[in-house]
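A structural walkthrough
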Amino acid sequence: MATTRLDRRRVARVALDLLNETGLDGLTLRAIAKELDVKAPALYWHFKDKQALLDEMATEMVRAAAADLAGAPDADWRTSVTTAMRALRRMLLRYRDGAKVYSGTYFTDTSYAAPVEAQLRRLTEAGFTPGAAARALLTATSYTIGYVIEEQATGPRPGTDGEGGTDGAGSEGYDLAARAERLKDYPLAAAAGEEMFRGYEDGFEAGLAAVVAGVGVTLLGPGARPV
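Structure report, in brief.

So, how was this worked out
- Residues numbered from 1 in each chain as written.
- Predicted model: local features only at pLDDT ≥ 70, side-chain atom pairs only at ≥ 80, totals over all residues.
- Heavy atoms only, no water.
- Helix = DSSP H or I, 4+ residues; strand = E, 2+ residues; numbered from the N terminus.
- Buried < 20%, exposed > 50% of the residue type's maximum accessible area, 1.4 Å probe, protein only.
- Contact = heavy atoms within 4.5 Å.
- Axes fitted to C-alpha atoms, helices over the stretch in contact; angles between N-to-C directions.
- Parallel < 35°, antiparallel > 145°, perpendicular 65-115°, else oblique.
- Left-handed = near helix turned anticlockwise from the far one by under 90°.
- Nonpolar A, V, L, I, M, F, W, Y, C, P; charged D, E, K, R; others polar.

When you go through the protein residue by residue, the secondary structure sums to 10 helices and 0 strands. The helix and strand sequence of the protein, counted from the amino end, reads α-α-α-α-α-α-α-α-α-α. By the burial criterion, 44% of the 227 residues in the protein qualify as buried. In the protein, the share of contacts with a sequence separation of at least 24, taken over all contacts with a separation of at least 6, comes to 71%.

What follows is the structure, encoded as structure tokens:
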């Protein structure tokens, strides 16, 4: 009876809600089943293992953010990619370990396709070859996911100090004083901690601007129109 009233999307939504409490390591099918008030074997009708569940969770994240990831139709390519990466970061930060859940998963439907198509179309219309457009989008996406993985690993947990991944210290964030003490013989590396592990918002924006500028220099064809 329990399996007839469950569906993959409902399980994924409950799992995403539970993720903020447990983190990725603590998220189990047994814990999700308890939250749904069913027996754990009921979930195996829908997911053969935890990875299959993570695939559905990542897909559910994209479904909810697809419009933001697609961006405004009249934006130039730089604005479009920048806006999409900001939206991707927000999406990942909504959940504890959200970037780890998202990274390396296989989408279970084509919810991602419309945003990707929209971004690639703007890039190719601006003069990128299809291959260069794909590389540009993948480069920006990889930067964003990697940044958020580090942000969520070294910054405060969501809800402990404003939004997840903002300034923090001590048990809820990277202890820069302890780091500086360990690196006292390496003054430049010690001082770099303030740039690397504080002001995540500004740090993300600075890195993203560098990525977008680099993409324009290295991947945009010489015959492209100026934008």
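Another point: unusual backbone geometry. As a rule of thumb, non-glycine residues mostly have phi less than zero, and peptide bonds are mostly trans rather than cis. In this model, Asp 37 sits at a positive phi of 60°, which is unusual for a non-glycine residue. You can call Asp 37 exposed: its relative accessible area is 65%. Located in the positive-phi region is Asp 97, a residue other than glycine, with phi close to 60°.

For the pair helix α4 (residues 77-93) and helix α7 (residues 130-154), the least separation of the axes is 10 Å and the interaxial angle reads 30°. The angle between α4 and α7 falls in the class roughly parallel. The handedness of the crossing between α4 and α7 comes out as right-handed. Here Val 81, Met 85, Leu 88, Arg 89, Leu 92 and Leu 93 of α4 come into contact with α7, specifically with Leu 137, Ala 140, Thr 141, Thr 144, Ile 145, Tyr 147, Val 148, Glu 151 and Gln 152.

At a minimum axis separation of 9 Å, α4 and helix α6 (residues 113-125) run at an interaxial angle of 155°. With respect to α6, the axis of α4 lies roughly antiparallel. Between α4 and α6 the crossing geometry is left-handed. Residues Trp 77, Ser 80, Val 81 and Ala 84 of α4 pack against Gln 119, Arg 122 and Leu 123 of α6. Considered class by class, the residues forming the contact of α4 with α6 number 4 nonpolar, 2 polar and 1 charged.

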